[in-house]
Amino acid sequence: MRSLVGIALAASVCLTLVVAGCGGSNDASLGDGGSHACATGPCSQGEGGTPTPESGGNGLTCGAPTACGGGGSGRTYAECTQVAADGQCAAIVYQVSDGRAFTCAGCTSCGPVQQQLAAYCATVPQGDGGVDADADADADADADADADADADADADAGTTCLSAVACGSGGLTYEECTTTARSGACTSIQYDVSNGTSFTCASCSDCNAAIQKLDAYCASQNPTTTCTASAPCETSPLTYETCTTAIGGACQAVYYQTSDGQSFHCNGCNDCGSALSALDGYCTQQTPPVTTCGSASACGAGGATYDLCTTTQGPTCDSQQYTTSTGLTFSCSACGSCTAALTSLETYCASLTGTGSAVLFGGFVQAGTGLADTWIWNGSTWTAGPSTGPSARADASGATLGGQVVLFGGTADQSVSAVYGDTWTWGGTGWTQASTTGPSARFGAAVATLGNSVVLFGGDGTDTGANALADTWSWSSGAWTQLTPTASPPARVGASAAVLNGKVVVFGGMDTSSAYVGDTWVFDGTTWTQATPTSSPTPRFYASMATLGGQVILFGGYSTAGDMGDTWAFDGANWTQLTPATSPTVRSGAAAAAYEGTIVVFGADVAGTYSGDTWIWNGSTWAASAATGPPGRFGATMGAL
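Each value, and the rule that gives it
- Sequence order as written defines residue numbering, which begins from 1 separately in each chain.
- The predicted nature of this model means local features are confined to residues of pLDDT at least 70 and side-chain atom pairs, given and counted, to a pLDDT of 80 or more, with totals for whole chains, interfaces and linings taken over all residues.
- Each side-chain value is worked out from all heavy atoms of the structure, with water and hydrogens disregarded.
- Counting from the N terminus, the helices are the DSSP runs of H or I reaching at least four residues and the strands are the DSSP runs of E reaching at least two.
- Under the scheme applied here, a residue whose accessible area is under 20% of the maximum for its type counts as buried, over 50% as exposed, and between as partly exposed, the area being computed with a 1.4 Å probe on protein chains only.
- Between N or O atoms, a polar contact is any pair within 3.5 Å; within protein, one atom must be a potential hydrogen donor and the other a potential acceptor, and residues adjacent in sequence are included only when both atoms are from side chains.
- The disulfide criterion is simple: two cysteine sulfur atoms within 2.5 Å.
- At least two DSSP bridges between two strands are required for those strands to pair.
- Here an axis means a line fitted to C-alpha atoms, over the contact stretch when the element is a helix, while the angle between two N-to-C directions is reported on a 0 to 180 degree scale.
- What pLDDT conveys is the predictor's confidence in a given residue, as a value from 0 to 100.
- Whether two residues are in contact is decided by their heavy atoms, any of which lying within 4.5 Å being enough.
- Two rings from Phe, Tyr or Trp (for Trp, the six-membered ring) form a pair when their centres sit within 6.5 Å of each other. Planes less than 30 degrees apart are called stacked, planes more than 60 degrees apart edge-to-face, and all others tilted.
- The criterion is that NZ of a Lys, or CZ of an Arg, lies within 6 Å of the ring centre and within 35 degrees of the ring normal, and then a charge sits over that ring.
- Between the first and last residue of a helix there are one fewer steps than residues, each counted as 1.5 Å, and that sum is the expected span.
- By definition, the arc is the one covered by directions from the helix axis to the C-beta atoms.
- One side-chain nitrogen of Lys or Arg within 4 Å of one carboxyl oxygen of Asp or Glu is enough to make a salt bridge.

Undergrad: Explain the environment of A64 residue by residue, including any values.
TA: For A64, the location among the structural elements is in the loop between β2 (60–62) and β3 (66–67). A C-alpha to C-alpha distance of 6.1 Å links A64 and A78, two positions 14 residues apart in sequence.

In structure tokens, the structure reads:
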């Protein structure tokens, strides 16, 4: 802010009528209200203390005489400046040659005084003839009138203010206001702030203290904002700060600001209820949803199970649904309102009258040729199934839907001499060919049940990684339909799939450059979305994967390090590596299915040897089964009823 002291001093000296010897001019017409410039710095007497060009006495420095009126009156007047001890102008006096004087105190706003002088000079002076009684009476009247005029001149004539100037950066302004008497003399100067605060000068020629106080006051009106330390924003990854804006220590506004740049402003410094509520709601929305499922319960006589799963954002329940091991979902109308969903679930479970078994089909033997045998697992033993069914193959894709195991595609042998595109179903006692049209022939596609359909993704039809596929298909009501999601995973073969919380989860595989991938994708029935877990299994293909207890369990697979033997769990958001007390030996291409509260894993390539062992995952550890039956194999297909 420019110096107010400098402005005031310049105004007190320069806006005056001064003598020519002080750098000014006196050629303005009387009564025009004009100002006469004064040279920079205080006016001074001439050298040797002699007033110049004329001395009026009493500390006055006067200019050259000027005619006062016309008509040969002979009267003149001189403009005289009275200088104070500090060298500053104290007053301007217009002295008429007949002894009259018109004083402009304060050296500013001398227009009214000039007008009085002009009016006086316009009068005709009395002649030099004899004096009579009438003349005496007129003189007395004039004296009385002069006395009244002097009294009127002492009364305040009004206040004028300069244009408003900013006072700090908080929106305030101030004006410099001068009050003058009717005589034109300054009586006071004060600085009025727009909020009602005023600072009055000690006198019309001494505003230093008032200006210093005004400067300090305006400086204190700059708004300052301070914020508290960051605090957690509900259970979201965000934080927030409480910020207060103050002027001169007085609160002006309070708002909450989140780490992602959102602001929530209070209605007043002591009225933040609605802002805090809006902040809480926003933070809850930014909390990643978490789905937890209860323990599995039996669903019908076929060995299927169901869980009640709850999805929450922060402390708030968003939704609840029943999910079955066969991939169906029964959603509650609202959290805690699950009667209709439970009724539908019970009706579905009652319809499951299958054998309560898992079925295994095909695979490669060590020599690389495909198998066409069917085996039934009842929880403790393997039993050979019917000899009729699909042609010999491996790397077929299978999933359970509505009391049936659906099998699609595969290849006849490891040299890929034939690739299939047929669809078969197993109802508990035998195989039925269901359709000959649908996806192109392929092997190694990822398949899982979603609601009332089986979803198939990718695979390969030529055994060259460059020709891996990236299409999505749905099997429902006995027919295949190609889907057109707005986003899809890159093409791949040998990926693993399972259903979780009403969505298909796909992990890994080998891409078109023959590189192993380790990404996770989720399909909600409309489009694919890539998950962003904080940790994941290493890239691999032909891992075993199935759903149990509200988690997707993954075991083994083949990576750049060879066959793997690690166990991972995916909860819908993150992968966690598990450390079971017992685990199968490293392997890839094992068949897996969820069955009666467990996951059954059979066979695989175990470091180059095709194994025929059976392992059971009970939710916390692996246990080897003593059951024997199917010969060792790689790439078999398994599903549970």
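Undergrad: Let's hear about the side chain of T245: which residues, and what values?
TA: In this structure, T245 sits in strand β14 (residues 239–247). When its relative accessible area of 17% is taken as the criterion, T245 is described as buried. A distance of 2.8 Å separates polar atoms of two side chains, one belonging to T245 and the other to T225.

Undergrad: Any chance you could break down the state of the cysteines for me, citing the residues and the numbers?
TA: Tallying each qualifying case throughout the model produces 13 disulfides. Between the sulfur atoms of C68 and its disulfide mate C121 the distance is 1.8 Å. A torsion of -100 degrees about the S-S bond marks the disulfide between C68 and C121 as left-handed. Here C121 lies in helix α2 (residues 111–121) and C68 lies in the loop between β3 and β4 (76–83), a separation of 53 residues in the sequence. The burial state of C68 is the same as that of C121; both residues are buried. In this model, C317 is linked to C335 through a disulfide, with the two sulfur atoms separated by 1.9 Å. Its S-S torsion of approximately -85 degrees makes the covalent link between C317 and C335 left-handed. Taken together, the positions of C317 in strand β20 (residues 316–324) and C335 in the loop between β21 (329–331) and α6 (339–351) put the pair 18 residues apart, joining distant regions of the chain.

Undergrad: So what about the sheet that holds strand β24 (residues 382–384)? Which residues, and what values?
TA: Taken together, the four strands give an open sheet; going across it, the order is β24-β23-β22-β47, and neighbouring strands pair in antiparallel fashion. Each edge of the open sheet carries a strand with a single partner, namely β24 and β47 (637–640). Averaged over all neighbouring strand pairs, the angle between strand axes comes to 25 degrees, with direction disregarded. Looking at chain direction, strand β23 (residues 374–377) and β24 are connected through three bridges and run antiparallel. Along β24, the bridge assignment pairs W375 with A384.

Undergrad: Break down the confidence of the model for the protein chain for me, with residues and values.
TA: Residue-level pLDDT values for the protein chain average 83, and 83% of them are 70 or greater. Below pLDDT 50 for its whole length, residues 127–133 participates in one contact with residues either more than four positions away or in separate chains.

Undergrad: Account for the packing of aromatic side chains, naming residues and giving values.
TA: If you walk through the whole model with that rule in mind, you get 24 aromatic pairs. A network of ring pairs unites the aromatic residues Y516, F541, Y542, Y558, Y610 and F634 as a single cluster. The ring of Y420 has R393 lying over it, and the distance from NZ or CZ to the ring centre is 4.2 Å.

Undergrad: I'd love a proper account of unusual backbone geometry, names of residues and values included.
TA: Of note in the backbone geometry, D395 takes a positive phi value of approximately 60 degrees without being a glycine. By the secondary structure assignment, D395 is in the loop between β24 and β25 (397–401). Accessibility expressed as a relative area gives 9% for D395, which makes it buried. Despite not being glycine, N501 shows a phi value in the positive range, around 55 degrees. The residue N501 is located in the loop between β33 (496–500) and β34 (503–510) in this model.

Undergrad: Can you explain the sheet that holds strand β32 (residues 479–483)? Please cite residues and give values.
TA: The strand order across the open sheet formed by four strands is β29-β30-β31-β32, and the pairing between neighbours is antiparallel. Edge strands, defined here as strands with exactly one partner in the open sheet, are β29 (446–450) and β32. Recorded for the sheet is a direction-independent mean angle of 25 degrees between the axes of neighbouring strands. In terms of strand pairing, strand β31 (residues 469–476) meets β32 through five bridges, oriented antiparallel. Bridging from a neighbouring strand, W473 pairs with Q482 of β32.

Undergrad: Run through the pairing of strand β22 (residues 358–361), naming residues and quoting values.
TA: The side chains of a regular strand alternate between both faces of the sheet. Neither face of β22 is exposed, since A358 and L360 on one face and V359 and F361 on the opposite face are all buried. Here four bridges tie β22 to β23, and the two strands are oriented antiparallel to one another. Note on β23: the bridge partner recorded for L360 is W375. Pairing of β22 with β47, which is carried by four bridges, proceeds in the antiparallel orientation.

Undergrad: Give me helix α4 (residues 208–219): which residues, what numbers.
TA: Taking 1.5 Å of rise per residue, the 12 residues of α4 would be expected to cover 16 Å, and the 17 Å separating its terminal C-alpha atoms lies within 8% of that figure. The complete set of buried residues in α4 reads A210, I211, L214 and C218. Taken around the axis of α4, the buried residues stretch over an arc of 95 degrees, which confines them to a single face. Seen from the buried face of α4, the exposed residues on the opposite side, beyond 90 degrees, are Q212, K213, A216 and A219.

Undergrad: Could you give an account of the pattern of salt bridges, naming the residues involved and the relevant values?
TA: A side chain of one charge can pair with a side chain of the opposite charge when the charged atoms of the two come close. With the rule as written, the count across this model stands at six salt bridges. Measuring nitrogen to oxygen at the nearest pair gives 2.7 Å for the salt bridge that ties R442 to D471. Here the residue R442 occupies a position in the loop between β28 (431–435) and β29, and D471 occupies one in strand β31, the gap between them amounting to 29 residues. An identical accessibility class is assigned to R442 and D471; each is buried.

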